[in-house]
Each structure stands twice: as structure tokens, then as C-alpha cells.
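# Geometric and topological summary
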Amino acid sequence: MSTQDSDPKKSAKVLVTGAAGMLGSQVLLSMPDGESAVGTDLKEAPGVVAVGVDLADEAAVAQLFAKHGPFNGVIHCAAYTAVDLAEEETVLAQRVNADACGVLARACAAAQIPLAMVSTDFVFDGKSERPYLESDPTGPLSVYGSTKLAGEEQALAAHPTGTRIVRTQWLYGPRGKHFPRTIEALARERDELKIVSDQIGSPTSTLELSPALWDVLRKGEPGIYHAACEESCSWYEFACAIVVLCGIESVKLMPCSTEEFPRPAVRPAYSVLDCTKLRELRGKPLAPWREALSTYLGSEDH
Ligand SMILES: NC(=O)c1ccc[n+]([C@@H]2O[C@H](COP(=O)([O-])OP(=O)(O)OC[C@H]3O[C@@H](n4cnc5c(N)ncnc54)[C@H](OP(=O)(O)O)[C@@H]3O)[C@@H](O)[C@H]2O)c1
């Protein structure tokens with residue numbers, strides 16, 4: 001990663017957690033001119049300078065700040081993201097998704113630096129009939145959603161003047177396992193695929209979201225932001241667009257209901273996010289999901 005100073009120990013930089021993950025890796029790559037950044041994660045990856053730091057461990061985080069700081073901001077992307085497994089691994093999910101947010105927020109408060117942390121549409125119950133506002137009541141349906149909401153609350157309580165929560169949804173991008181990658185592979189193998197058509201959201205590319213996270217960190221007031229690509233669809237419509245854009249004609253896609261495809265964690269049926277606040281901050285929305293998907297699938301590293 002670039003630095004502003006020839007001696008990295010002297011130049012303040014942003015700490016990106018989860019920097020080996022789907023979103024965190026793209027956040028590092030999307031670093032704006034004039035910024036420096038380093039990453040931490042459980043595993044090695046480009047830009048990751050601290051491997052295996054337990055972010056829920058106060059002493060470990062203090063050591064991370066002392067050894068790799070000074071930091072002038074934190075973008076927190078690390079999380080326990082196995083939504084179905086979280087229903088069983090409740091203690092670990094709580095530790096990573098909730099307690100680590102409190103620990104990081106306390107470290108940021110002590111250092112008097114801003115924290116932008118990523119949250120999820122799964123904090124909502126999915127019963128709304130219009131896009132969710134940041135101020136709408138929450139009502140998570142799963143352990144993942146509850147622990148992410150607890151993380152929001154811990155961070156806002158520990159660092160109210162510095163915490164920005166960015167809720168997003170249906171992510172995909174150049175790195176990691178995600179819906180477009182899975183659908184493309186299955187569509188090349190199979191003649192027929194059933195896809196859930198009664199859950200509605202907004203597919204969001206990490207290529208679109210990552211620059212927005214930097215803007216929220218630097219230009220946003222503390223508080224909650226919703227950040228997703230414009231317009232919405234069902235998983236079935238998303239899959240149809242993927243197959244068409246990949247030029248796969250050999251597969252037949254069939255809509256099905258959530259009931260036909262039961263999963264351990266309950267998902268919100270409707271979780272479209274109203275992103276007006278972010279649009280006003282940045283003077284532009286994230287791209288419409290079809291346009292962002294086309295850009296991603298047309299890129300060399302998809
Ligand atoms: N993916 C989505 O559709 C989606 C939707 C809404 C919100 N989000 C949020 O977006 C953020 C980024 O998600 P993502 O999809 O990029 O997830 P991801 O690819 O799973 O990245 C998360 C990273 O955090 C790491 N991590 C897990 N536990 C950790 C710990 N205790 N300490 C340090 N690092 C740890 C993971 O390592 P391991 O892989 O080794 O566990 C992984 O590299 C998360 O806050 C997630 O809740 C994601």
C-alpha cells in the first residue's frame with residue numbers, strides 16, 4: 001500500500017479489518033489518493049500487515065494500534081459472515097460481530113479517530129412495504145442479524161462522536177464466494193436451476209460500495225447510513241441477469257419460494273434500503289444493480 005511518508009511508522013494511516021475478505025480487500029484497493037492504509041485479518045493477503053489478531057480481545061487490539069499505528073481512521077469489514085452456521089455458533093458470532101465492534105470503537109475513541117463499520121440489512125424483519133430508512137425500527141430474524149445489530153449498538157455506545165455504521169446487502173465482488181460466482185458455475189453445469197423469487201433486495205458490488213465507505217469515513221457525520229446499489233430485484237431476477245450477461249443459454253431458471261428452499265437462518269423477505277442519506281452526502285447514488293453487475297462481469301478479475 002502507498003504511504004504518505006517514507007517512514008511508515010511516522011505516517012498516520014487507515015486500518016482496514018477483514019482485509020482478506022470480499023469487501024475489505026476491495027476497500028484497500030479503492031483507497032483514495034492522499035490516503036494510506038494497512039489491513040488486518042485472520043489470514044494473509046495483499047496489504048495485510050497483522051495476521052490473526054483477535055479483534056474481540058482488548059489487549060490484542062491495543063497492541064495492534066501500538067505496533068502498526070498511528071491510525072487516522074478504521075474501516076471495519078471483519079465479521080462472522082456464515083449466516084446459517086451462526087445459528088449454531090452463537091458464541092463466536094457474538095464475539096466477532098458484536099464484541100469486536102465495542103473493542104474497536106473503544107480503541108478509536110481513545111485515539112480520537114473515526115470508525116466506519118459495515119453492517120447489514122439483516123438487522124430488519126423484512127416486513128416493510130417501502131425501502132428501509134436508517135431510523136426505522138430494527139427486528140433481526142437470525143443470530144447473524146442480532147449479533148450485527150448488537151455490534152452497531154456497542155460501537156455507537158462506545159464512540160458516539162466517531163462511529164459511522166454503513167448497512168449494506170447482497171454483496172459480490174472480485175474476491176471471495178458469492179451469488180454471481182455460484183450461479184455462473186451452477187448454470188454451466190446444470191440444465192435447470194430453482195432460485196428463490198420471494199426475497200427482494202438490491203445486489204451490491206464491492207466495486208461500488210468501497211469508495212462510498214471511504215467517503216463516509218472522511219465526509220460523513222457520525223450515525224447510520226444505508227448503502228446499496230440502486231433499484232431492487234429478487235434472487236431469481238438477479239440470477240436471470242447473471243446468466244444472460246455470462247451468455248449461458250443452456251440452463252433453464254425456475255422461480256421458487258423460500259418455503260421450497262429452507263435454510264437454518266431466516267432471511268428478511270424485503271430488505272431494500274433507502275440510500276437517500278448517502279446519496280446526499282456523496283452527491284451521487286451507487287450505480288443501479290444491473291449496471292454494476294455488468295461492469296463486474298465485464299471486468300478481467302470477475
Ligand atoms: N456478503 C454480504 O452479502 C454482506 C451483506 C451485508 C453486510 N455484509 C457485511 O459486510 C462486511 C464484509 O463482509 P464480506 O462479505 O466481505 O465477508 P468475508 O468475505 O467473510 O470477510 C470477512 C473477513 O473477516 C474475517 N474475520 C472473521 N472473524 C474474524 C476475527 N475474529 N478477527 C478478524 N477477522 C475476522 C474473515 O476471515 P475468515 O474468512 O478466515 O473467517 C474474513 O476474511 C461484514 O461486516 C458483513 O457482515 C456482507
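Presented here is an overview of the structure given in this document. (Residues numbered from 1 in each chain as written. Predicted model: local features only at pLDDT ≥ 70, side-chain atom pairs only at ≥ 80, totals over all residues.)

### Quick notes on the overall build of the protein
Looking only at helices and strands, one finds nine helices and 13 strands in the protein. By the compact-globule yardstick of 19 Å for 302 residues, the protein fits well, its C-alpha radius of gyration being 19 Å. By principal-axis analysis of the C-alpha atoms, the protein measures approximately 55 × 40 × 35 Å. The buried share of the protein, reckoned over its 302 residues, is 44%. (Helix = DSSP H or I, 4+ residues; strand = E, 2+ residues; numbered from the N terminus. Rg over C-alpha atoms; globule rule 2.2 N^0.38 Å. Buried ≥ 20, exposed ≤ 12 C-beta atoms within 10 Å, placed from the backbone.)

### Examining the sheet that holds strand 2 (residues 37-41)
The parallel open sheet is built from seven strands, whose spatial order is 3-2-1-4-5-6-11. One side of each edge strand has no neighbouring strand; the edge strands of this open sheet are strand 3 (48-51) and strand 11 (223-226). Pairwise comparison of adjacent strand axes, ignoring direction, gives a mean angle of 20° for this sheet. Where strand 1 (residues 13-17) meets strand 4 (residues 71-76), five bridges bridge the pair, whose relative direction is parallel. Residue pairing in the sheet places V16 in a bridge with I75 of strand 4. Here helix 6 (residues 206-219) sits on the sheet in contact with strand 4, strand 5 (115-120), strand 6 (163-168) and strand 11, set at roughly 160° to strand 6. (Pairing = 2+ DSSP bridges. Axes fitted to C-alpha atoms, helices over the stretch in contact; angles between N-to-C directions. Contact = placed C-beta atoms within 7 Å.)

### Some words on the nonpolar core
Core analysis: the biggest nonpolar cluster contains 82 residues, and V16, V74, I75, L104, L213 and A227 have the highest contact counts within it. Considering every element that reaches this core, the biggest residue donor is helix 3 (residues 90-111), with ten residues. (Core = buried A, V, L, I, M, F, W, Y, C linked by C-beta atoms within 7 Å.)

### Details of helix 9 (residues 289-298)
For an α-helix the count is 3.6 residues per turn, leaving residues at separations of three or four pointing the same way. Here helix 9 has its buried residues at W289, A292, L293 and Y296. Taken around the axis of helix 9, the buried residues stretch over an arc of 100°, which confines them to a single face. Residues of helix 9 that are buried make contact with strand 7 (171-172), helix 5 (179-189), strand 10 (204-205), helix 6, strand 12 (233-234) and helix 7 (235-245). (Arc of directions from axis to C-beta.)

### Notes on the site of the ligand
Near the ligand, the surroundings consist of 25 residues, among which G18, G21, M22, L23 and A79 are the closest. Every element with two or more residues in the shell around the ligand is listed here: helix 1 (22-29) and strand 5. Tallying contributions element by element places helix 1 first for the shell around the ligand, with three residues. For the shell around the ligand, the class distribution of residues is 13 nonpolar, eight polar and four charged. (Near = placed C-beta within 6 Å. Nonpolar A, V, L, I, M, F, W, Y, C, P; charged D, E, K, R; others polar.)

### Quick word on the packing of helix 7 against helix 9
For any two helices packed against each other, one specifies the crossing angle of their axes together with the interaxial distance. Relative orientation of the contacting elements helix 7 and helix 9 amounts to 40°, with a least axis distance of 11 Å. Between helix 7 and helix 9, the angle is such that the two are oblique. Where helix 7 crosses over helix 9, the two elements pack in a sense that is right-handed. Residues A241, I242 and L245 of helix 7 pack against R290, L293, S294 and L297 of helix 9. Here the residues of the contact of helix 7 with helix 9 are counted per class, giving five nonpolar, one polar and one charged. (Parallel < 35°, antiparallel > 145°, perpendicular 65-115°, else oblique. Left-handed = near helix turned anticlockwise from the far one by under 90°.)

### Topic: the environment of Y144
Here Y144 lies in helix 4 (residues 143-158). Residues Y144 and G24 lie 120 residues apart in sequence; the distance between their C-alpha atoms is 19 Å. Not counting residues within four places of it along the chain, the set of residues in contact with Y144 comprises V83, A86, A93, F122 and A265.

### Quick word on the environment of E134
If you trace the backbone, E134 turns up in the loop between strand 5 and helix 4. Remark: the alpha-carbon pair of E134 and G173, spanning 39 residues in sequence, is separated by 25 Å. The residues touching E134, leaving out its near neighbours within four places in the chain, are I224, Y225, H226 and K277.

### Quick notes on helix 3
Taking 1.5 Å of rise per residue, the 22 residues of helix 3 would be expected to cover 32 Å, and the 31 Å separating its terminal C-alpha atoms lies within 8% of that figure. Its axis deflected by about 35° at D99, helix 3 carries its strongest bend there. Among the residues making up helix 3, those that are buried are A93, V96, N97, A98, A100, C101, G102, V103, L104, A105, A107 and C108. The inward-facing, buried residues of helix 3 abut helix 2 (58-68), strand 4, strand 5, helix 4 and strand 6. One or two steps after helix 3, the chain reaches Q112, where phi turns positive at roughly 55°. (Expected span 1.5 Å × (residues − 1). Bend = angle between axes of the 7 residues up to and from the residue.)

### Re the pairing of strand 4
With respect to burial, strand 4 is a largely interior element, five of its six residues being buried. Direction of pairing for strand 4 relative to strand 5: parallel, over a ladder of three bridges. Paired with V74 across the two strands is L115, which belongs to strand 5.

### Observations regarding the environment of V49
Mapping V49 onto the fold places it in strand 3. For the pair formed by V49 and A78, sequence separation is 29 residues and the distance between their alpha carbons is 15 Å. Beyond its immediate chain neighbours, meaning those up to four positions away, V49 contacts V38, G39 and H68.

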